[in-house]
Amino acid sequence: MEKKIAIIGAGISGLLACKHILEKGFSPIVFEARSGIGGVWSQTIESTKLQIPKKMYQFSDFAWPPSVTETFPDDEQVMEYIKAYAVHFNILPRIRFNCKVTCIDYVVPGNEDFPSWDLWGGIGWPFSPTGRWNVTVQDARDPAAPVEVYQLDFVILCIGKYSDLPNIPDFPLNSGPEVFNGKVLHSMDYAAMANDCAAELVTNKRVTIIGFQKSAVDIAAEVAERNGVDHPCTLIFRTVHWIVPDYFIALTFKSLNRFTEFMVHKPDQGFFIWLLVILLSPLLWIFSKLVEAYLKRKQPLKKYNMVPEHGFLKQISSCMFTVLPANFYDKVEEGSLVLKKSESFKFCKNGLVIDSEETPIATDIVIFATGYKSDEKLKNIFQTSYFQKCITESLASFYRECIHPHIPQLAILGYADSPAFLYTTEMRSKWLAHFLAGKFKLPTIGEMEADVKKWEKCMKYYANESYKRSCISVLLQIYCNDQICKDMGFNPRRKKWLLAELFAPYCPDDYKYLCWQT
């Protein structure tokens, strides 16, 4: 009997999962709540572009078109590339648009007690002879329409982290947006606007942005460029992060090779590797300090009190990569962008009051660029409290960044952060498709939990309190890929000669023929 597989979401991870599963002979259904593909790329601000070189953000078997000559393509070019991929591999007919999955529920016969299983799903293989997922689907265009329930053998969640459920801070009574006369929105809402509507909203307005991650600095730079010194944009943040120019990102990715990974501790490393890391790790520390010194020299960080308290190495170990928008500090210098570091703030009738100043910041519009409630979003899709607790009570990551040891017949793709998101997600899509095809069996639940804990300990060693459970470290990207290749029974060494294996960077091209192997 043909196995029924559902993929929830048609962003990058959903398209990748569908493509690779199709190649294994399955016929998946893809449920997409919106009317188009692309996920977060379908709703971006006007100035958005790739933050990593396109060579590291490409499908291994579908190159960028020759017409895209930029190292960092913009959002329209990225969307065209994604659409071309979906058309080329005939993915679109598999997608049911405007179908919002409201909940999923695992159903087993009454005599089975799956929480006590020693093997994932009771057998360690992808498909159970008895268990099924009930997936409830609502028409996104008509909430009053009757829901449909699909019974499926396997579910792949590709709902992403950066959409749908924005994180907006709580405020004491009479200190929040309710007392403010202006407009308050989240960066998600701003990005969802058409470019001309977004421009009309902020033009000649006093705009304040809250946050200091990618969306915050990008929107602040865009508004400052549009309004100039007559209506300066204010950026309020609690923590300063290292933000680097795009050419530096390109240089960094070129230097990521097997030799640099010899400087980083890994789970399950033997004594020789441990000793090698001890001997070489000072080089990694020196690199981090050189980067910090370079950024301090090239950017007026001390002048504007923008020197981060944490090191550059700690930041990249936490998957925090932010590219400096063009002319960012020039806008600060001219006065069109005002930087305000503050531990807290509150709303007043005409603006915001930050803890270090008595005079309110006069504001017409406040945009929260404060991230998303990713765990809550993932938790809410499960109907039963058991699976909800699996998500909220698990501080560690998932096995191979996509399998929760206690959630059977389900994988989660695209949830793990990575500076090279498409690259790392494609590798896990290939791994998952191979697993679904019955090419290998998962370890016991206890062994998977032990592996996850080892990775957690390793990541915390470098990230410390900035550790996030869903982070594929750029420092160990090749090592992670090696594990995936070994699981699938393939040679992890993808280069043709020794020096290239040690010192050349790895990129998606190196794994182009991986799934074509038998």
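For clarity, every value in this text was computed on a predicted model and none was experimentally measured. (Residues numbered from 1 in each chain as written. Predicted model: local features only at pLDDT ≥ 70, side-chain atom pairs only at ≥ 80, totals over all residues. Heavy atoms only, no water.)

Quick notes on the packing of aromatic side chains
Move 1: Considering all chains together, one arrives at 43 aromatic pairs under this definition.
Move 2: Note on Trp431 and Phe435: the rings are 6.1 Å apart at their centroids and 20° apart in plane angle, and the pair reads as stacked. Here Trp431 pairs with Phe435, and both are found in helix α13 (residues 421–436), just four residues apart, close to one helical turn. Exposure class is identical for Trp431 and Phe435. Each is buried.
Move 3: An aromatic cluster is defined as three or more aromatic residues linked by ring pairs; in this entry it consists of Phe26, Trp120, Phe127, Phe154, Tyr399, Trp431, Phe435 and Phe440.
Move 4: A cation sits over an aromatic face here: Lys19 above Phe89, 4.7 Å from the ring centre.
Move 5: Directly above the aromatic system of Tyr415 lies the positively charged group of Lys161, at a separation of 5.1 Å from the ring centroid. (Phe/Tyr/Trp six-rings, centres within 6.5 Å; stacked < 30°, edge-to-face > 60°. Helix = DSSP H or I, 4+ residues; strand = E, 2+ residues; numbered from the N terminus. Buried < 20%, exposed > 50% of the residue type's maximum accessible area, 1.4 Å probe, protein only. Lys NZ or Arg CZ within 6 Å of the ring centre and 35° of its normal.)

Considerations on a nonpolar patch on the surface
Move 1: Together, Phe271, Trp274, Leu275, Ile278 and Leu279 make up a nonpolar patch on the protein surface, roughly 520 Å² of accessible area in all.
Move 2: Among the structural elements, Leu275 can be located in helix α8 (residues 271–298).
Move 3: Leu275 sits in the partly exposed class, given a relative accessible area of 34%. (Patch = residues over 30% accessible without salt bridge, like charges linked within 9 Å, V, L, I, M, F, W, Y side chains within 5 Å. Areas by Shrake-Rupley, 256 points an atom, 1.4 Å probe, with all protein chains shown as cover. Salt bridge = Lys/Arg side-chain N within 4 Å of Asp/Glu carboxyl O.)

Considering the side chain of Asp510
Move 1: Positionally, Asp510 belongs in the segment after α16 (498–503).
Move 2: Overall, the relative accessible area of 16% leaves Asp510 in the buried class.
Move 3: At 2.9 Å, the side chain of Asp510 and the backbone nitrogen of Cys507 are in polar contact.
Move 4: In contact with Asp510, other than residues within four places in its own chain, are Arg494, Lys495 and Pro505. (Polar contact = N/O pair within 3.5 Å; in protein donor to acceptor, adjacent residues only side chain to side chain. Contact = heavy atoms within 4.5 Å.)

Describing the side chain of Glu401
Move 1: Relative to the helices and strands, Glu401 resides in the loop between α12 (385–392) and β18 (410–412).
Move 2: Apart from the residues lying within four places of it in its own chain, the contact partners of Glu401 are Ile412, Ala416, Arg428 and Ile472.

Observations regarding the sheet that holds strand β8 (residues 183–186)
Move 1: Here we have five strands laid out as an open sheet, ordered β8-β17-β9-β10-β13, and parallel in their pairing. The two strands at the open ends of the sheet, each matched to only one other strand, are β8 and β13 (337–341). Sheet twist, expressed as the average angle between the axes of neighbouring strands with direction ignored, equals 20°.
Move 2: Across the sheet, helix α5 (residues 214–227) lies against β9 (207–210), β10 (233–237), β13 and β17 (365–368), angled at about 165° from β10, the strand it touches most. (Pairing = 2+ DSSP bridges. Axes fitted to C-alpha atoms, helices over the stretch in contact; angles between N-to-C directions.)

Thoughts on the packing of α13 against helix α15 (residues 477–488)
Move 1: α15 packs onto α13 with a crossing angle of 15° between their chain directions and a minimal axis gap of 10 Å. Taken together, the axis directions place α13 and α15 in an arrangement best described as roughly parallel. Crossing handedness for the pair α13 and α15: left-handed. On α15, the residues that touch Tyr423, Thr424, Met427, Arg428, Lys430, Trp431 and His434 of α13 are Gln477, Cys480, Asn481, Ile484, Cys485, Asp487 and Met488.
Move 2: For the contact of α13 with α15, a count of residues per class yields seven nonpolar, four polar and three charged. (Parallel < 35°, antiparallel > 145°, perpendicular 65-115°, else oblique. Left-handed = near helix turned anticlockwise from the far one by under 90°. Nonpolar A, V, L, I, M, F, W, Y, C, P; charged D, E, K, R; others polar.)

Section: the UniProt feature "transmembrane region" (unreviewed entry) in the protein chain
Move 1: Under the local residue numbering, the UniProt record ascribes the feature "transmembrane region" (unreviewed entry) to residues 271–295.
Move 2: Helix makes up 100% of residues 271–295 and strand 0%, with an end-to-end C-alpha separation of 36 Å. (UniProt positions renumbered as here; feature names shortened; annotations may be inferred.)

Looking at the sheet that holds strand β6 (residues 148–152)
Note: strands within a sheet are paired through backbone hydrogen bonds, in either parallel or antiparallel orientation.
Move 1: Read from one edge of the open sheet, three strands run β4-β5-β6, paired in antiparallel fashion. Single-partner strands in this sheet number two, and they are β4 (99–107) and β6. Here the strands of the sheet are splayed against their neighbours by 25° on average, with no regard to which way each runs.
Move 2: By the bridge criterion, eight bridges tie β4 to strand β5 (residues 132–139) in an arrangement that is antiparallel.

Looking at the pattern of salt bridges
Move 1: Inspection of every chain in the model, using the stated rule, returns 25 salt bridges.
Move 2: Among the salt bridges present, the one from Asp139 reaches Arg141, with a minimum N-O distance of 3.3 Å.
Move 3: Measuring nitrogen to oxygen at the nearest pair gives 3.3 Å for the salt bridge that ties Glu225 to Lys331. Within this pair, whereas Glu225 is found in helix α5, its partner Lys331 is found in helix α10 (residues 328–334), the two being separated by 106 residues in sequence.
Move 4: Since its relative accessible area comes to 57%, Glu225 is described here as exposed.
Move 5: Each of Arg258, Asp482, Arg493 and Glu501 takes part in a single network of salt bridges with overlapping partners.

Observations concerning the environment of Cys18
Move 1: Its place among the elements puts Cys18 in helix α1 (residues 12–23).
Move 2: As for Cys18 and Ser429, which are separated by 411 residues in sequence, their C-alpha atoms are 8.6 Å apart.

What about helix α4 (residues 195–202)?
Move 1: Taken together, the buried positions of α4 are occupied by Ala198, Ala199, Leu201 and Val202. What you see down the axis of α4 is that its buried residues fit within an arc of 160°, all on one side. Residues of α4 that are exposed and angled more than 90 degrees away from the buried face: Asp196 and Glu200.
Move 2: Lining the buried residues of α4 we find β8, α3 (187–192), β9, α5 and β17.
Move 3: Backbone geometry just after α4 places Asn204 at a positive phi near 60°. (Arc of directions from axis to C-beta.)

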